[in-house]
Amino acid sequence: MEVAQVLCMKGGNGDTSYAENSLVQKKVISLTKPIIEDAITNLYCNNFPASLCIADLGCSSGPNTFFAVLEVVTTVDKVGKKMGRQLPEIQVFLNDLPGNDFNTIFKSLPKFQKDLQKTMGAGAESCFVTGVPGSFYCRLFPSKSLHFVHSSYSLQWLSQVPRGLENKGNIYMASSSPPSVLKAYYEQFQSDFSMFLRCRSEELLGGGTMVLTFLGRRSEDPSSKECCYIWELLAVALNDMVSEGLIDEEKMDSFNIPQYTPSPAEVKCEVEKEGSFTINRLEVSEVNWNAYHGEFCPSDAHKDGGYNVAKLMRAVAEPLLVSHFGDGIIEEVFSRYKKIVADRMTREKTEFVNVTVSMTKRG
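Computed from a prediction, not measured in an experiment: that's the story for all the values here.

**Section: the packing of helix 7 (residues 179-203) against helix 10 (residues 264-274)**
When two helices pack together, their arrangement is given by the angle between their axes and by how far apart the axes lie.
Then, number 1: Interhelical geometry of helix 7 versus helix 10 gives an angle of 50° and a closest axis separation of 10 Å. Relative to helix 10, the element helix 7 is oriented oblique. Helix 10 is crossed by helix 7, and the crossing has right-handed handedness. Contact residues: helix 7 offers Y186, F189, Q190, F193, S194, L197, R198 and S201, while helix 10 offers E266, V267, E270, V271, K273 and E274.
Then, number 2: Looking at the contact of helix 7 with helix 10, its residues break down into six nonpolar, three polar and five charged.

Have a look at this one:
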């Protein structure tokens with residue numbers, strides 16, 4: 001599977017789209033707001049440019065794209081006012097893989113500009129937005145052109161499925177995966193993240209900052225439930241369909257998710273090994289699988305945690321599943337997955353773990 005060709009969140013604005021099912025990701029961006037504010041304050045203290053270049057890597061599509069940008073840009077405005085500085089011109093680069101739904105992003109640009117005007121007044125006219133298709137595991141921008149890089153819930157995605165996996169009955173790292181599978185996934189993460197750091201070290205100015213949030217884990221065990229369980233439950237649904245003859249067993253055994261959810265120690269190790277950045281903050285947070293946990297539910301259907309999680313995972317995983325199995329199985333897979341997830345959520349604590357790192361490029 002050519003990951004760069006098929007990895008994208010489900011586009012459009014339909015009921016099963018990423019745009020309609022990404023409230024968890026929005027909550028994660030909100031959790032990191034104090035870290036973003038701290039990073040921009042430090043950036044301003046070291047250097048106050050007349051023009052500020054910001055990149056959001058793995059921007060996806062839907063409301064979260066501009067929610068993240070709005071958080072960053074209004075923070076620039078707020079910190080600048082606090083320090084008595086005039087707002088610089090702000091160039092925002094929105095990056096994702098070429099298969100991303102950039103059309104939906106550009107259609108929602110007028111709304112973003114209105115929201116920005118409400119918050120910043122005339123200063124909103126100094127913000128310019130550009131789309132940049134391409135993999136963040138290679139160079140995207142000219143040397144020393146960026147001041148601030150943001151990425152949320154994107155860097156856990158690998159550039160490719162690790163080669164030579166023998167992971168029968170699983171679609172990801174699992175408690176039943178052999179050690180060779182865990183090793184292959186970790187080595188792919190090391191290779192990809194070190195390449196990411198090398199590329200960004202070329203593109204960021206000295207004193208420039210990055211705030212990166214991974215879907216991660218606290219445990220040092222890469223197959224622990226806190227990071228792998230949600231995929232294990234999808235594998236249960238797929239394996240049930242294999243046993244009923246609805247999915248070919250060979251197809252099942254050759255499907256693996258191109259993702260690695262690192263621990264804080266693993267992130268720190270790669271940053272220190274690459275050597276271009278100083279870590280300012282490295283923090284862990286959690287968010288419930290169910291985006292509506294403890295929240296107002298817009299409909300009766302949203303009171304069902306299994307329904308919410310199945311829709312979230314469908315928006316993320318459907319393009320990968322369709323590219324491998326075809327679209328004929330999708331409704332059945334997620335109907336089963338919803339029931340399996342709902343059952344487990346009544347009996348277990350189900351949370352995503354987030355690892356956020358803030359770092360500064362050495363001068």
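**Concerning the packing of aromatic side chains**
Then, number 1: On inspection of all chains with the given rule, the structure shows 14 aromatic pairs.
Then, number 2: Relative to F189, the ring of Y186 lies with its centre 6.5 Å away and its plane at 20°, an arrangement referred to as stacked. Placement of the pair is Y186 and F189 together in helix 7, with a separation of three residues, close to one helical turn.
Then, number 3: A centroid spacing of 6.5 Å and a plane angle of 70° characterise the contact between F189 and F214, whose relative ring orientation is edge-to-face. Linking F189 in helix 7 with F214 in strand 5 (residues 204-216), this pair joins segments that are 25 residues apart in sequence. Residue F189 shares its accessibility class with F214, and that shared class is buried.
Then, number 4: Within the aromatic cluster, the residues linked to one another by ring pairs are F136, Y137, Y186, F189, F193, F196, F214 and Y260.
Then, number 5: The ring of F196 has R200 lying over it, and the distance from NZ or CZ to the ring centre is 4.9 Å.

**Here we look at the pattern of salt bridges**
Then, number 1: The final tally for this structure, using the stated rule, is 13 salt bridges.
Then, number 2: We note a salt bridge from K183 to E187, for which the minimum N-O separation is 2.8 Å. A residue pair is termed a helical-turn pair when its members lie 3 or 4 positions apart in one helix, as K183 and E187 do in helix 7 at four residues.
Then, number 3: Looking at E187, the relative accessible area reads 39%, which means it is partly exposed.
Then, number 4: Taking the shortest distance from any N to any O, the salt bridge between R281 and E283 comes out at 2.7 Å.
Then, number 5: Classification of E283 by relative accessible area gives partly exposed; the value is 33%.

**Some remarks on the nonpolar core**
Then, number 1: Grouped together as the largest cluster of nonpolar side chains are 74 residues, with contacts concentrated most on I171, F193, F196, L212, W231, L238 and Y337.
Then, number 2: The dominant element in this core, judged by the number of residues it contributes, is helix 8 (residues 225-243), at twelve residues.
Then, number 3: Once residues lying within four places of it in the same chain are set aside, the contact partners of W231 are W157, I171, Y172, I257, Q259, M313 and A317.
Then, number 4: Grouped together as the second largest cluster of nonpolar side chains are 29 residues, L70, V76, A124 and C127 included.

**Side note on unusual backbone geometry**
Then, number 1: Not every positive phi belongs to a glycine, and K144 is a case in point at roughly 50°.
Then, number 2: Considering the arrangement of structural elements, one finds K144 in the loop between strand 3 (127-133) and strand 4 (146-152).
Then, number 3: Take K144: its relative accessible area is 56%, and that puts it in the exposed class.
Then, number 4: At Y153, a position not held by glycine, the phi torsion is positive, near 60°.
Then, number 5: Relative to the helices and strands, Y153 resides in the loop between strand 4 and helix 7.
Then, number 6: A relative accessible area of 12% means that Y153 is categorised as buried.

The rules behind the values
- Residues numbered from 1 in each chain as written.
- Predicted model: local features only at pLDDT ≥ 70, side-chain atom pairs only at ≥ 80, totals over all residues.
- Heavy atoms only, no water.
- Axes fitted to C-alpha atoms, helices over the stretch in contact; angles between N-to-C directions.
- Helix = DSSP H or I, 4+ residues; strand = E, 2+ residues; numbered from the N terminus.
- Parallel < 35°, antiparallel > 145°, perpendicular 65-115°, else oblique.
- Left-handed = near helix turned anticlockwise from the far one by under 90°.
- Contact = heavy atoms within 4.5 Å.
- Nonpolar A, V, L, I, M, F, W, Y, C, P; charged D, E, K, R; others polar.
- Phe/Tyr/Trp six-rings, centres within 6.5 Å; stacked < 30°, edge-to-face > 60°.
- Buried < 20%, exposed > 50% of the residue type's maximum accessible area, 1.4 Å probe, protein only.
- Lys NZ or Arg CZ within 6 Å of the ring centre and 35° of its normal.
- Salt bridge = Lys/Arg side-chain N within 4 Å of Asp/Glu carboxyl O.
- Core = buried A, V, L, I, M, F, W, Y, C linked by side-chain atoms within 4.5 Å.

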